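Single-letter residue listing:
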Amino acid sequence: MDVKTVRDVAKFAHIALTDEEAERYCKDLGDILSYFELLNEAPECNERGVNPIKVEDVVREDIPKVEYDADQLLKDMDTYERYVRGPRLS
Amino acid sequence: MSMNDVLRNLKAINGRYQMFHAMTDDAEPGDAKFLFSAKDNLTSYDMETCAGSRILEGYHPVFDATSIEKLRKAGGKLIGKTNMDEFGFGTFSTNSGFEIPRNPYDLNRACGGSSGGSACAASVIEDHVSLGVSTGGSICCPASFCGVYGIAPTYGRVSRFGLIDYGNSLDKIGVISQKATDLKKYMEIIAGKDERDPTSMVQPDFKTAYRKMGSVAIPKEGIEGLSKEVDAIFKEAVEQLRSMGVDIDYVDMPSLRFAMPAYYILATSEASTNLARYVGMRYGHQDGDHTLKFDDYFTDVRTRYFGDEAKRRILLGTFTRMAGFGGRHYAKAREVRQVVINDYKQVLKDHDAVLAPTMPFTAPKFDDISKMSALDSYKADYLTVPANIAGTPHLSVPCGYDSEGMPVGMQFVADHWNEDVLFSVAEDWEKQFDLRRPEVSI
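**Q** Explain the overall build of chain B to me, please; I cannot follow it from the model alone.
**A** Tallying secondary structure elements over chain B gives 15 helices and 13 strands in all. In terms of overall dimensions, chain B is globule-like: its C-alpha atoms have a radius of gyration of 20 Å, near the 22 Å expected for 442 residues. For chain B, the spread of C-alpha atoms along the principal axes amounts to about 70 × 60 × 45 Å. Burial statistics for chain B: of 442 residues in total, 60% are counted as buried. Once local pairs closer than 6 in sequence are excluded, the contacts in chain B between residues at least 24 apart make up 75%.

**Q** Can you walk me through the nonpolar core in this structure?
**A** Proteins that are soluble and globular tend to have nonpolar side chains buried together. All names here are of chain B. Membership of the largest hydrophobic core comes to 145 residues, with the highest contact counts inside it found for Leu183, Ala259, Leu315, Ala353, Leu422 and Ala426. Considering each element in turn, this core owes the most residues, eleven residues, to helix α8 (residues 256-274). When near neighbours in sequence (up to four residues on either side) are disregarded, Leu422 contacts Ile151, Ala353, Pro393, Leu395, Phe412 and Ala414.

**Q** I'm lost on the interface of chain A and chain B in this one. Help?
**A** A common measure of how large an interface is: the accessible area buried when the components associate. The interface of chain A with chain B comprises 45 residues on the first partner and 60 residues on the second. At the level of elements, α1 (3-12), α2 (19-36) and α3 (70-74) of chain A are the ones that each hand at least two residues to the side of chain A that touches chain B. Considering every element that reaches the side of chain A that touches chain B, the biggest residue donor is α2 of chain A, with seven residues. Of the residues that constitute the side of chain A that touches chain B, the class distribution is 28 nonpolar, five polar and twelve charged.

**Q** What's the story with the sheet that holds strand β8 (residues 172-177) of chain B in this structure? I'm lost.
**A** Within a beta sheet, neighbouring strands are joined by backbone hydrogen bonds and run either parallel or antiparallel to one another. All names here are of chain B. Strand order in the open sheet formed by eleven strands is β1-β3-β2-β6-β8-β7-β12-β13-β11-β9-β10, and the pairing between neighbours is mixed. Two strands in the sheet have a free side with no partner beyond their single neighbour: β1 (20-23) and β10 (247-251). Sheet twist, expressed as the mean angle between neighbouring strand axes with direction ignored, is 30 degrees. Bridge analysis of β1 against strand β3 (residues 76-82) gives three bridges, and the strand direction is antiparallel. Paired with Ala22 across the bridge in β3 is Lys81. Sitting on the sheet, helix α4 (residues 116-124) touches β1, β2 (34-39), β3, β6 (128-134), β7 (149-152) and β8, and the angle it makes with β6 is about 160 degrees. Of the strands in this sheet, β6, β7, β8 and β12 (394-401) touch helix α6 (residues 180-190), which is tilted by about 145 degrees from β8.

**Q** What should I look at first to understand the pairing of strand β13 (residues 407-413) of chain B in this one?
**A** Regular strands place their side chains on alternate faces of the sheet. Residue and element names in this part refer to chain B. When you tally the buried positions in β13, you get seven out of seven residues, the bulk of the element. Across the two faces of β13 the burial is the same, with Pro407, Gly409, Gln411 and Val413 and Val408, Met410 and Phe412 all buried. Of the strand pairs in this sheet, strand β11 (residues 353-357) and β13 are connected by four bridges, and their pairing is antiparallel. Following the sheet pairing, Ala356 is matched in β13 by Gln411. Note: β12 against β13, seven bridges, orientation antiparallel. The residue of β13 that forms the bridge with His394 is Val413.

**Q** What is the right way to look at the packing of α8 of chain B against helix α10 (residues 308-321) of chain B in this model?
**A** Packed helices, taken two at a time, are described by the angle between their axes plus the distance between the axes. Residue and element names in this part refer to chain B. For the pair α8 and α10, interaxial distance at closest approach is 7 Å and the crossing angle is 100 degrees. The orientation of α8 relative to α10 falls into the category roughly perpendicular. In contact with Ile265, Thr268, Ser269, Ala271 and Ser272 of α8, α10 contributes Arg313, Ile314, Leu316, Gly317, Thr318, Thr320 and Arg321. In the contact of α8 with α10, the residues fall into four nonpolar, six polar and two charged.

**Q** How should the confidence of the model for chain A be read in this particular structure?
**A** Regions with low pLDDT carry predicted coordinates that are not meant to be interpreted in detail. The pLDDT averaged across chain A works out to 92; a share of 100% of its residues lies at or above 70. The element-level mean pLDDT for chain A is lowest in α3 of chain A, coming to 91, with α2 of chain A highest at 97.

**Q** Teacher, can you tell me more about the environment of Leu71 of chain B here?
**A** All names here are of chain B. Within the secondary structure, Leu71 sits in helix α3 (residues 66-73). Residues Leu71 and Phe36 lie 35 residues apart in sequence; the distance between their C-alpha atoms is 8.2 Å. Ignoring sequence-local partners within four residues, the contact set of Leu71 consists of Phe36, Gly76, Ile189 and Ile190.

**Q** Explain the environment of Thr94 of chain B here, please?
**A** Residues and elements named next belong to chain B. Within the secondary structure layout, Thr94 lies in the loop between β3 and β4 (102-103). Judged by the 21 C-beta atoms lying within 10 Å of it, Thr94 falls in the buried class. Separated by 275 residues in the primary sequence, Thr94 and Ile369 have C-alpha atoms spaced 8.5 Å apart. Excluding its chain neighbours within four sequence positions, the residues that come into contact with Thr94 are Ile100, Ala110, Phe366 and Ile369.

**Q** So what exactly am I meant to see when it comes to α6 of chain B here?
**A** In an α-helix there are 3.6 residues to a turn, and that puts residues three or four apart on one side. Of all the positions in α6 of chain B, only Ala180, Asp182, Leu183, Lys184, Tyr186, Met187 and Ile190 of chain B are classed as buried. Immediately downstream of α6 of chain B, the backbone of Gly192 of chain B shows phi near 125 degrees, a positive value.

**Q** How do you make sense of unusual backbone geometry when you look at a structure like this?
**A** Residues other than glycine predominantly adopt negative phi, and peptide bonds predominantly adopt the trans conformation. All names here are of chain B. The omega torsion across Gly113 and Ser114 is 5 degrees, close enough to zero to call that bond cis. Although it is not a glycine, Asp127 adopts a positive phi angle of roughly 50 degrees. Mapped onto the elements, Asp127 comes out in the loop between α4 and β6. Judged by C-beta crowding, with 14 C-beta atoms within 10 Å, Asp127 ranks as partly exposed.

**Q** Is there a simple way to explain the pairing of β12 of chain B in this structure?
**A** Residues and elements named next belong to chain B. Of all the eight residues making up β12, seven are buried; the element is thus mostly covered by neighbouring parts of the structure. Bridging between β7 and β12 involves three bridges; their strand directions are antiparallel. Pairing of Gly150 across the sheet is with Ser396, part of β12. Between β12 and β13, which pair antiparallel one after the other, the connecting turn spans five residues, and Gly405 there sits at a positive phi close to 85 degrees.

Procedures and definitions
- Residues numbered from 1 in each chain as written.
- Chains lettered and ligands numbered in written order.
- Predicted model: local features only at pLDDT ≥ 70, side-chain atom pairs only at ≥ 80, totals over all residues.
- Helix = DSSP H or I, 4+ residues; strand = E, 2+ residues; numbered from the N terminus.
- Rg over C-alpha atoms; globule rule 2.2 N^0.38 Å.
- Buried ≥ 20, exposed ≤ 12 C-beta atoms within 10 Å, placed from the backbone.
- Contact = placed C-beta atoms within 7 Å.
- Core = buried A, V, L, I, M, F, W, Y, C linked by C-beta atoms within 7 Å.
- Nonpolar A, V, L, I, M, F, W, Y, C, P; charged D, E, K, R; others polar.
- Pairing = 2+ DSSP bridges.
- Axes fitted to C-alpha atoms, helices over the stretch in contact; angles between N-to-C directions.
- Parallel < 35°, antiparallel > 145°, perpendicular 65-115°, else oblique.
- pLDDT = per-residue confidence, 0-100.

What follows is the structure in structure tokens.
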């Protein structure tokens, strides 16, 4: 792990780091990832489930309904003419 | 303490112990049959829900989590949302954007995490039940540190609808209480299928009939690295179990030592994607500078409001998912999860449960926690993580007190969907265990 990699990952994750933070997270992540090398000693296994239990598809009738009122959902949102406000794209 | 007394004194109780992030203003129980609290990562229509994070400050959901909805329908009154590590990221409930709950047995010590406020409320308030959420040990750890009973059921047993996710393949909603008998009583209410959470739809019936625990297996890997006092108290508790007619065997479960790194890879990978939705739009803080460009706006809000540990886990999870590293370690972590499940299944063919102390030490002082590195803190989870990664139900009971009066817990792990045998052993244990309640003053 090096500071440049930490900064690249942080940029990808939309987090800005000060120099002090970049150094500190670099050391922390380096220590943690070194410890994770323990996994190299773990036995092989052909199975790789996504969930710890078997999950099957359970389907139901597709019935249109309004579960929550749109105005209720918008009440705490920053909106403009009932559209959620966000940053500009360019 | 009657329900009236609890409600009238709620602010004073919270002033001393800091278990609640949000509380009811209602001083009257009305026709409530019982009072309950819920971890603050479960949505509630009448109280702010922040999951311990400043980024969600001001979020007032318009719906209840299924587990809260079910307790209300059963006559419960929600009295507060409990403090926790931000999004569940911690072992001591000290990684919070808000208040840090204090241990009922010593206010200078932690409650454990991440459901620390829930365990604190269950310990301090009589006849109280609190909903906790476990991803890597966040119910049993605080239950152990606060001297109460806690169960994390099988993954999928309780609907996760309305839960603010940490790791979707790991999160489980459970119950914490002073009374072992409460665990079954309230789990029966919140368990069950819910079409709003597909992972809850495959569960078999919830078994509640008494089923005596005949034998337990103690893995050698589960009794390494303990403090001297926890080791001695656990040995006494094992002898007590033996005298109750439970057969004890010592076994090898070598896969357990790989569970911790596998857990942190899976959990942070899932967390880093789940937290991508918090960008200063729709809920929580929405005070970003709209003159900024798209990416800069998101970065500004996330940088200001995510806490230190949240950032660390986002960075770790983002890194482990990246090409190269991800292909190697993420896939391996998924394999290890299956190896741990297979090991549990093998041992549980001949035993009703796997047993070990819940935590390797008693609740640490805040000063000592502040000196721990991130890795030290992660390593402290080595006893609770295996059952969580396997999705197997696990239950912590208080089993003794150290020389400073701090509680010690032990944790039983059963096979998937076998919560019944855990309830039975906890209720049998409760009948003969001398529970020392903390001296509660407000």
